[in-house]
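# Remarks on the overall topology
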Amino acid sequence: MEPAALDELTLKNVLIVDDHPLFCDALSMTLKSALPVQKINTTTTIGEAFERLENGLVPDMIFLDLNLPDAEGLDGLIRLKGIADHIPVIIVSSMAENRLIGLAIEAGASGFVPKHSQRDVFLEAISTVLRGESFVPDTYLAIGAKAEPNADGAETVRRLTSLTQQQSRILHYVCEGKLNKQIAYELSIAETTVKAHITAILRKLGVQNRTQAVLLARSTQFSNLLVKDPVQH
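First, a word on scope: everything that follows refers to the structure included in this document.

Definitions and limits used
Residues numbered from 1 in each chain as written. Predicted model: local features only at pLDDT ≥ 70, side-chain atom pairs only at ≥ 80, totals over all residues. Heavy atoms only, no water. Core = buried A, V, L, I, M, F, W, Y, C linked by side-chain atoms within 4.5 Å. Buried < 20%, exposed > 50% of the residue type's maximum accessible area, 1.4 Å probe, protein only. Helix = DSSP H or I, 4+ residues; strand = E, 2+ residues; numbered from the N terminus. Contact = heavy atoms within 4.5 Å. 1 Å grid on protein atoms, 1.4 Å probe; cavity = no way out; pocket = protein on both sides within 12 Å on 5 of 7 lines; lining within 4 Å. Points joined across faces, edges and corners; volume = space filled by probe spheres on them. Nonpolar A, V, L, I, M, F, W, Y, C, P; charged D, E, K, R; others polar. Phe/Tyr/Trp six-rings, centres within 6.5 Å; stacked < 30°, edge-to-face > 60°. Lys NZ or Arg CZ within 6 Å of the ring centre and 35° of its normal. Arc of directions from axis to C-beta. Pairing = 2+ DSSP bridges. Right-handed = clockwise from strand over helix to strand, strands pointing away.

## Some words on the nonpolar core
Residues Leu64, Leu74, Leu77, Leu80, Ile91 and Leu205 are the most contacted members of the largest nonpolar core, which totals 50 residues. In terms of residue count, helix 11 (residues 191–205) provides more of this core than any other element does, 5 residues in total. In this view, Leu205 contacts Arg159, Leu160, Leu163, Leu171, Ala213 and Leu216; residues no more than four positions away in its chain are not counted. Ranked by size, the runner-up nonpolar core spans 22 residues in total, among them Ile16, Phe122, Ala125 and Val129.

Below is the structure:
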């Protein structure tokens with residue numbers, strides 16, 4: 001990135017969602033040393049990020065790890081975009097398989113940066129995203145054209161991202177095995193409202209019952225996302 005480009009960046013307030021203290025410190029130092037960042041907020045879980053956002057935090061950008069104590073694979077990204085769709089999210093992950101990167105962008109990520117990337121790559125990603133463009137690592141660009149797109153995975157992501165914020169939360173509780181009355185208590189809504197939401201969720205996901213909905217949601221976990229990645233030579 002050219003030095004002049006850095007002067008044009010207006011990243012004032014960011015949120016880092018990552019449970020690795022050393023990485024959080026390193027990324028924070030990178031941001032503070034290169035950009036006029038005034039406030040860096042950090043959380044270690046999606047749940048805590050939700051609380052911050054619901055309590056009025058409006059970051060210019062979110063940096064999100066895909067492997068958290070309460071989220072794995074694309075689950076955290078999909079849930080986060082449900083509550084903060086207007087905020088650009090850059091994925092920072094130790095896993096950078098082609099299939100995972102593609103589906104993360106499909107799920108709403110504005111960029112994807114492998115954790116082992118150099119400082120300049122992070123800054124280039126930020127600049128690219130602030131211009132309204134998507135950023136992916138060079139390795140993805142090099143093999144992306146040769147990789148066969150996975151229609152099933154992309155379609156699953158599209159269905160899950162079609163859920164409203166409330167529907168996404170209810171599906172998360174369903175995946176945890178909670179009953180309708182328990183979900184109603186957690187969200188302070190009527191049990192009949194929960195039932196109506198679940199009916200809508202099943203329809204949007206194109207499934208017949210709660211079990212199928214759970215299986216579809218869990219298909220975005222690492223164990224299911226990475227096994228079908230095309231073999232590179």
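That was the structure; now back to the text.
## Let's talk about empty space enclosed by the protein
Tallying each qualifying case throughout the model produces 1 cavity of 30 Å³ or more. In terms of lining, the largest cavity is formed by Leu171, Val174, Ile198, Ile201, Leu202, Arg210 and Ala213. Counting only elements with at least two residues in the lining of the largest cavity, the list comes to helix 9 (165–175), helix 11 and helix 12 (210–218). At 3 residues, helix 11 tops the list of elements feeding residues into the lining of the largest cavity. Of the residues contributing to the lining of the largest cavity, the split by class is 6 nonpolar, no polar and 1 charged.

## Considering the packing of aromatic side chains
Per the stated rule, a full pass over the model turns up 1 aromatic pair. An angle of 50 degrees between the planes, with centres 6.3 Å apart, marks the rings of Phe23 and Phe122 as tilted. Residue Phe23 is found in helix 2 (residues 21–34), and its partner Phe122 is found in helix 6 (residues 119–130); the two are separated by 99 residues along the sequence. Like Phe23, the residue Phe122 is buried in the burial classification. Over the ring of Phe50 we find Arg79; its NZ or CZ atom is 5.9 Å from the centre of that ring. Here the basic side chain of Lys115 rests over the ring of Phe23, its NZ or CZ set 4.7 Å away from the ring centre.

## Topic: helix 3 (residues 46–54)
Taken as a whole, helix 3 has its buried residues at Ile46, Ala49, Phe50 and Leu53. Looking down the long axis of helix 3, one finds its buried residues gathered within 105 degrees of arc, a one-sided arrangement. Positioned one or two residues after helix 3, Gly56 has a phi angle of 110 degrees, which is positive.

## Concerning the pairing of strand 6 (residues 89–93)
Strand 6 sits mainly inside the fold: 5 of its 5 residues count as buried. Residue alternation in strand 6 divides its side chains into two sets, Val89, Ile91 and Ser93 and Ile90 and Val92, and both sets are buried. When strand 3 (residues 61–64) meets strand 6, the two strands line up parallel, connected through 3 bridges. Bridging from a neighbouring strand, Phe63 pairs with Ile90 of strand 6. Regarding topology, helix 5 (residues 98–106) serves as the crossover connection from strand 6 to the parallel strand 7 (residues 111–114), and that connection is right-handed.

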